Amino acid sequence: MLQPIDQTIREQALNTRLSFIVQAPAGSGKTELLTQRYLALLAQSQAPEEILAITFTRKAAGEMRDRIINALQQVKNPSQQTPIYLAKTKELAQAVLKRDQQLAWQLLENPNRLRIQTIDALCASITRQMPVLSRLGAQPTIADNPYELYQSAAKEILTSLEEQTPWAAALTTLLLHLDNDYTKVEKLLSDMLARRDQWLPYIAGIHDTQQLRHILEKSLSDAIAETLINLSNNVPAALANEFAALACFAANQLQQINSISAIIQCRELKQLPESHSHQLSLWLSLSELLLTKSGQWRKKFSQAEGFPPQSAANSPTEKTLFNQMKERMLALVEQMALHEGLLQYWLDLRALPPTQYTEQQWEILTALLTLLPVMVAQLQLIFQLHGVVDYIEISQSAITALGDPQAPSDLALALDYRIHHILVDEFQDTAIAQFRLLEQLTAGWQPDDGRTLFLVGDPMQSIYRFRKAEVGLFLQAREKGIGNIALTPLTLTVNFRSQAPVVEWLNNTFQIIMPHQENIGIGAVTYSPSTAIHARELVNPANAQAVNVHPVYTPAEETQTIIALIQNTYANNPSAKIAILVRARTHLTHILPQLKNAEISYRAIEIETLSERSHIQDVFALTRALLHLGDRIAWLAVLRAPWCGIKLADLYIIAAADHQITLWERLQLLAELNISADARNRLTHLHHVLSHSIQQRQRLPLDQWIERTWFALGGPACLNQASDIQDVRAYFKLLTRLQQNNNLPDLTELARHLTRLYADAPVVAGNAVDVMTIHKAKGLEFDCVILPGLHRSLVAD
């Protein structure tokens, strides 16, 4: 294997005396570099616990731990020749084993000494060590769907509207502003609670609303000034004075005809305005001169923009002037259009907010600022009531337990003493609260004291916006470091995963699509090109391009195209690994049935929810029927389920006679029902089983009660595939999780959880197409990847 062209950078990253932030694009060997850095640090540490590696998923933590242990095991028990690209890992692992023997670590016998954990697990461990300081007390569980708790807190606040509370007036103001739409207010407050880690630190402890207004309006001014600076710096210097002169001319012409155009503000302009927020209106006037209302460069200028026609001239000299100025303006726009990215800066200008709030806006904002602390307090009560918290609460409590950087807690001092090195994977997915946690953990560190930070990520592929990740934090850390720790930026450029034509297509395409200049405030990230280390042959030589775009106009055309692509690929390479990746599961609705019709085997990974599978619908109906004997629809489903399966004619006789009694009561009159002999036999067995089951109600935990009933009815015998039993077990595990203190769960909540519980991918003999979301495919490799539905909007699954 060829030596990667960025090998020098990779070796530099193993300098254990320095702190780094590494931008590692997809396929650049990020995990292997993290493993090597961890091994390099182990080889010179006094104890494995001095090194803390933080990941964002348990899968990533497990993968990194496995790589380290495997590297050590292969050195201790070499069974095969080490590949060239793992030679450095082997060398580092040998040094670690030598250190292990010197200090009697026994890492292979005690792998738990390796501190590799998720950021959430780290926060939870901190709060467990200091339950009082963290203000959590006994460790609560983390809610699967905290948004429901946010909604509960919002509803509680809304119910207090008629009470004489200190926040009643603020709530009234907010409701009036939103047309008394309770649903909209509830959603607004719930969404704010879901992002409280972003705003709570800024409003906590501030009681002077005027002071807060000054702070917020200064933030607006700073954001405006930053945008104006970016725009001013990107307007070519050779065109700046020309633009000012033409704008001044246009403004004076408009003033003569008493126009109300904003361009008139430019009538005394001699050069482009300063990049200060108070000059915003003048910059907006310039944008109106340059751009159309739709945001495109103007291709013609008329009297409405300050360039009169020659017919409006009063003299030949004036006629020549009008013609020359219009030609100069057109030439100016043509020159500006040649500068890539400049149009976007002018559009960013148009999107800027005013520099100050109006009194009406501030009244609404004051009402919201009054309600938000109350909402947080109400959410705390909801957490206590249910014995759960969310990830934000865990991270905030961990920060509280560590104390203030100027006055650290005993725990912070202890961690400061024990932790010498911190490695963070997928740093681009860091949220604000997690960033603050890193600041707290490193607050006592000093430059060149032997302690190091090693952050790895790729801001181009941030995927955790739903977890409040802020990609701008990556840019901030790269530019300013974290706390007292300056970070040396490194960028990996070699792609070990994709073939050269794919990498080249990505380089050419995304350099155009992505922003041309980074911006910390809005998280704008430029594209960093990669280089493929080797060129693999196309899996389907029939396709001349590595990346092909197939324009389709209907779902049927899209499906036909996908099937043809799969069949052609298999025809050229029967062992090809093919994947269909989608942005949303709903984009597969019309594709999966047609794959079955075409007899193409596939594995749907976390695509089909359990609620969509008939055997789960049957056991859910059984749960509903036993919990509520009057649930007529559930009882009809139980009678039609495979364990009973009576015919529709017999079902009609049972259900149609008397709607005043429940179907269970009708089954007590089985001897009187004029039904077929087959139905009578089936119902006799059903009645016997369910009679015994109903007698056991609340004598057993819900999951055991339903499971035993399902077994007694013959549920396992009704399953079609061996994998179906795993689905049913997952359903019973869900029941176990939802029942609290032997209380029966809310059926609406149970149904909602079912829609988020995905069936395991079935075991398919031979080669099969993998079907999954793009998010799920992160880090995987395939020979052929199909991305349908790129033209469709995202809808919540």
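Residues numbered from 1 in each chain as written. Predicted model: local features only at pLDDT ≥ 70, side-chain atom pairs only at ≥ 80, totals over all residues. Heavy atoms only, no water.

Chemist: Let's hear about the overall build of the chain: which residues, and what values?
Modeler: From N to C terminus, the chain includes 30 helices and 16 strands. The dimensions of the chain, computed from C-alpha atoms along their principal axes, are 110 × 75 × 70 Å. Across the 797 residues in the chain, those meeting the buried criterion constitute 46%. Of the accessible surface of the chain, which amounts to about 40800 Å², a share of 52% is contributed by carbon and sulfur atoms. The positive charge centre, built from 68 side chains, and the negative charge centre, built from 78, are 3 Å apart in the chain. (Helix = DSSP H or I, 4+ residues; strand = E, 2+ residues; numbered from the N terminus. Buried < 20%, exposed > 50% of the residue type's maximum accessible area, 1.4 Å probe, protein only. Areas by Shrake-Rupley, 256 points an atom, 1.4 Å probe, with all protein chains shown as cover. Lys, Arg positive; Asp, Glu negative; His and termini not counted. Charge placed at Lys NZ, Arg CZ, Asp CG, Glu CD.)

Chemist: Tell me about the pattern of salt bridges, and name the residues and values.
Modeler: For the structure shown, the criterion picks out 21 salt bridges. A salt bridge links aspartate 191 to lysine 187, with the shortest nitrogen-to-oxygen separation between them at 2.8 Å. Of the two residues, aspartate 191 and lysine 187 both sit in helix α8 (residues 182-193), 4 residues apart, roughly one turn of that helix. A salt bridge links arginine 497 to glutamate 781, with the nearest nitrogen and oxygen atoms 3.9 Å apart. (Salt bridge = Lys/Arg side-chain N within 4 Å of Asp/Glu carboxyl O.)

Chemist: I'd love a proper account of the sheet that holds strand β13 (residues 578-582), names of residues and values included.
Modeler: If you walk across this open sheet you meet the 4 strands as β14-β15-β13-β16, and the pairing is parallel. Taken across any chain shown, the strands that pair with only one partner, and hence form the sheet edges, are β14 (602-604) and β16 (784-786). Averaged over all adjacent pairs, the angle separating strand axes in this sheet is 20°, with direction ignored. Pairing analysis gives 4 bridges linking β13 to strand β15 (residues 769-773), with the strands arranged parallel. By the bridge assignment for β15, leucine 581 is matched with methionine 772. Along the sheet, helix α21 (residues 555-572) contacts β13, β15 and β16; its crossing angle with β13, the most-contacted strand, is approximately 155°. (Pairing = 2+ DSSP bridges. Axes fitted to C-alpha atoms, helices over the stretch in contact; angles between N-to-C directions. Contact = heavy atoms within 4.5 Å.)

Chemist: Requested: an account of the packing of helix α3 (residues 58-76) against helix α4 (residues 87-103), with residues and values cited.
Modeler: Axis separation between α3 and α4 bottoms out at 9 Å; the angle between their running directions is 80°. With respect to α4, the element α3 is oriented roughly perpendicular. Only Thr89, Lys90, Ala93, Gln94, Val96 and Leu97 of α4 make contact with α3, whose side of the interface consists of Ala71, Leu72, Val75 and Lys76. Class assignment for the residues of the contact of α3 with α4 results in 6 nonpolar, 2 polar and 2 charged. (Parallel < 35°, antiparallel > 145°, perpendicular 65-115°, else oblique. Nonpolar A, V, L, I, M, F, W, Y, C, P; charged D, E, K, R; others polar.)

Chemist: Before we move on, can you summarise helix α28 (residues 702-713) with the specific residues and values?
Modeler: Taking 1.5 Å per residue as the helical rise, α28 with its 12 residues ought to reach 16 Å, and the 17 Å between its terminal C-alpha atoms agrees with that figure. Of all the positions in α28, only Leu702, Asp703, Trp705, Ile706, Thr709, Trp710 and Leu713 are classed as buried. One face of α28 carries all of its buried residues, which in axial projection span an arc of 165°. Contact partners of the buried residues in α28: α23 (614-627), α27 (677-695) and α29 (724-738). A positive phi of about 90° marks glycine 714, the residue just after α28. (Expected span 1.5 Å × (residues − 1). Arc of directions from axis to C-beta.)

Chemist: Account for unusual backbone geometry, naming residues and giving values.
Modeler: The residue glutamine 106 is not glycine, and still its phi comes out positive at about 60°. Relative to the helices and strands, glutamine 106 resides in the loop between α4 and β3 (115-118). The phi angle at aspartate 179 is positive, at roughly 60°, despite the residue not being glycine. With respect to the helices, strands and loops of the structure, aspartate 179 is situated in the loop between α7 (168-177) and α8. You can call aspartate 179 exposed: its relative accessible area is 65%.

Chemist: Pulling in residues and values, what's your account of the pairing of strand β9 (residues 452-457)?
Modeler: By the criterion of burial, β9 is predominantly enclosed, with 6 of the 6 residues buried. Sheet topology places strand β8 (residues 421-424) next to β9; 4 bridges connect them, and they run parallel. By the bridge assignment for β9, valine 424 is matched with leucine 455. The handedness of the β8 to β9 crossover, carried by helix α18 (residues 432-441), is right-handed. (Right-handed = clockwise from strand over helix to strand, strands pointing away.)

Chemist: Could you give an account of the packing of helix α11 (residues 237-256) against helix α12 (residues 280-290), naming the residues involved and the relevant values?
Modeler: Between α11 and α12, the shortest axis-to-axis distance is 11 Å and the interhelical angle comes to 85°. Accordingly, the angle class assigned to the pair α11 and α12 is roughly perpendicular. The residues of α12 that touch α11, namely those facing Phe243, Ala247 and Ala250, are Leu286, Leu289 and Leu290. Within the contact of α11 with α12, the residues separate by chemical class into 6 nonpolar, no polar and no charged.

Chemist: Any chance you could break down the sheet that holds β3 for me, citing the residues and the numbers?
Modeler: Pairing within the open sheet is parallel, and its 6 strands lie in the order β3-β2-β8-β9-β1-β10. Looking at which strands have only one partner, the edges of the open sheet turn out to be β3 and β10 (488-491). Within this sheet the neighbouring strands show an average axis-to-axis angle of 15°, counted without direction. With respect to the sheet, helix α2 (residues 30-42) is in contact with β1 (20-23), β2 (51-55), β3, β8 and β9, its orientation differing from that of β9 by roughly 170°. Contacts from α3 reach β2 and β3 within the one sheet, and its direction differs from that of β3 by about 160°.

Chemist: Account for the nonpolar core, naming residues and giving values.
Modeler: Within the largest apolar cluster, 71 residues are counted, with the highest numbers of intra-cluster contacts made by Ile422, Phe427, Leu437, Leu455 and Ile482. Sort the elements by how many residues they give to this core and helix α15 (residues 359-386) lands first, with 13 residues. Leave out the neighbours within four places in its chain, and leucine 455 touches Phe20, Ile21, Val22, Val424, Phe427, Ala477, Ile482 and Leu487. The next biggest cluster of nonpolar side chains, apart from the first, holds 46 residues, and it includes Ile616, Ala634, Cys644 and Leu686. (Core = buried A, V, L, I, M, F, W, Y, C linked by side-chain atoms within 4.5 Å.)

Chemist: Could you give an account of a nonpolar patch on the surface, naming the residues involved and the relevant values?
Modeler: A surface patch of nonpolar side chains, about 330 Å² in accessible area, is lined by Ile774, Val785, Leu787 and Leu790. Examined against the element boundaries, valine 785 turns out to sit in strand β16. Exposure remark for valine 785: the relative accessible area of 44% places this residue in the partly exposed category. (Patch = residues over 30% accessible without salt bridge, like charges linked within 9 Å, V, L, I, M, F, W, Y side chains within 5 Å.)

Chemist: I'd love a proper account of the environment of threonine 569, names of residues and values included.
Modeler: If you trace the backbone, threonine 569 turns up in helix α21. With 518 residues separating them along the chain, threonine 569 and isoleucine 51 place their C-alpha atoms 46 Å apart.

Chemist: Got a sec to walk through the environment of lysine 270? Specific residues and values, please.
Modeler: For lysine 270, the position within the fold is in the loop between α11 and α12. In this structure the C-alpha to C-alpha distance between lysine 270 and alanine 240, which are 30 residues apart in sequence, comes to 9.9 Å. Setting aside chain neighbours within four positions, we find lysine 270 in contact with Asn241 and Ala244.

Chemist: Before we move on, could you go through the environment of aspartate 6 and cite the residues and values that matter?
Modeler: Mapped onto the fold, aspartate 6 is located in the segment before α1 (7-12). Sequence separation between aspartate 6 and arginine 67 is 61 residues; the distance between their C-alpha atoms is 22 Å. The residues contacting aspartate 6, other than those within four sequence positions of it, are Leu492, Thr493 and Val494.

Chemist: Talk me through the packing of aromatic side chains; I want residue IDs and the actual numbers.
Modeler: Considering all chains together, one arrives at 15 aromatic pairs under this definition. Where phenylalanine 510 meets tyrosine 527, the ring centres are 6.1 Å apart and the plane angle is 25°; that geometry is what we call stacked. With phenylalanine 510 in helix α20 (residues 500-513) and tyrosine 527 in the loop between α20 and β12 (531-532), this pair connects stretches of sequence that are 17 residues apart. Residue classification places tyrosine 527 among the buried residues on the basis of a relative accessible area of 17%. Taken together, the ring pairs connect Phe249, Phe301, Phe307 and Phe322 into an aromatic cluster. Seen from the ring of phenylalanine 620, arginine 624 lies directly overhead, with NZ or CZ sitting 5.8 Å from the centre. (Phe/Tyr/Trp six-rings, centres within 6.5 Å; stacked < 30°, edge-to-face > 60°. Lys NZ or Arg CZ within 6 Å of the ring centre and 35° of its normal.)

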